Amino acid sequence: MIIEATGLKGLKSDLAHLDEVTTKLGFVRWQWEYTRATYDFKLEDKASKSVYFLRVNARVESGKLESPYAILFLEDAYIGKETFPHGLDYNSPIPESVLKISNQKLAQLQQLLAD
């Protein structure tokens, strides 16, 4: 599920600052290659005992990843339910409590990157 109207799409940051801010908020940069990175935030819904991942994609505008000076711009934010063994289902309904936390994390990310 793509999360619309986050205000994040198109924001730019150098890799060092983006990594610092996302780590501070509990995101982990899992998937990366020289021109793209994915930041994940794990959410657990205790009521259903399901796990969800909030994911934000970033693409390189200039430079290459692993250079702290590379400039990245953020793309879509989306959320999916963890599936066994290592997948995400982006079409599953997302509980309101999980969406609320996701929107709060995205707002915090937007604010920290805008400072």
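My aim in this report is to walk through the structure given alongside it, one point at a time. In this text, all values refer to a predicted model and were calculated from it rather than measured experimentally. (Residues numbered from 1 in each chain as written. Predicted model: local features only at pLDDT ≥ 70, side-chain atom pairs only at ≥ 80, totals over all residues. Heavy atoms only, no water.)

A few points about the packing of aromatic side chains
Centre distance and the angle of the planes are the two values used to describe a pair of aromatic rings.
Moving on, step 1. For the structure on display, the rule yields 2 aromatic pairs.
Moving on, step 2. Taking 5.4 Å as the distance between ring centres and 45° as the angle between the ring planes, the aromatic pair formed by Phe 27 and Phe 41 counts as tilted. Highlighted residues: Phe 27 in the loop between helix 1 (15-24) and strand 3 (28-32) and Phe 41 in strand 4 (residues 36-45), separated in sequence by 14 residues. Considered together, Phe 27 and Phe 41 belong to a single accessibility category, that of buried residues.
Moving on, step 3. Measuring from ring centre to ring centre gives 5.3 Å for Tyr 78 and Tyr 90, while their planes differ by 70°; the resulting arrangement is edge-to-face. Taken together, the residues span a long stretch of sequence, with Tyr 78 in strand 6 (residues 71-83) and Tyr 90 in the loop between strand 7 (87-89) and helix 2 (96-114) at a distance of 12 residues.
Moving on, step 4. Over the aromatic face of Tyr 34 sits the side chain of Lys 64, whose NZ or CZ is 6.0 Å from the ring centroid. (Phe/Tyr/Trp six-rings, centres within 6.5 Å; stacked < 30°, edge-to-face > 60°. Helix = DSSP H or I, 4+ residues; strand = E, 2+ residues; numbered from the N terminus. Buried < 20%, exposed > 50% of the residue type's maximum accessible area, 1.4 Å probe, protein only. Lys NZ or Arg CZ within 6 Å of the ring centre and 35° of its normal.)

A look at the side chain of Asp 19
Moving on, step 1. Of note, Asp 19 is situated in helix 1.
Moving on, step 2. Judged by relative accessible area, which is 19%, Asp 19 ranks as buried.
Moving on, step 3. What Asp 19 contacts, discounting residues up to four positions off in sequence, is Arg 29 and Tyr 39. (Contact = heavy atoms within 4.5 Å.)

Here's the deal with the pattern of salt bridges
Moving on, step 1. Within this structure, the stated rule accounts for 7 salt bridges.
Moving on, step 2. A salt bridge links Asp 19 to Arg 29, with the nearest nitrogen and oxygen atoms 2.8 Å apart. Of this pair, Asp 19 sits in helix 1 while Arg 29 sits in strand 3, and the two are 10 residues apart along the sequence.
Moving on, step 3. Where Arg 36 meets Glu 33, a salt bridge forms, and the shortest distance between an N and an O atom there is 3.3 Å. (Salt bridge = Lys/Arg side-chain N within 4 Å of Asp/Glu carboxyl O.)

Keep in mind that these numbers describe shape and distance, not what the molecule does.
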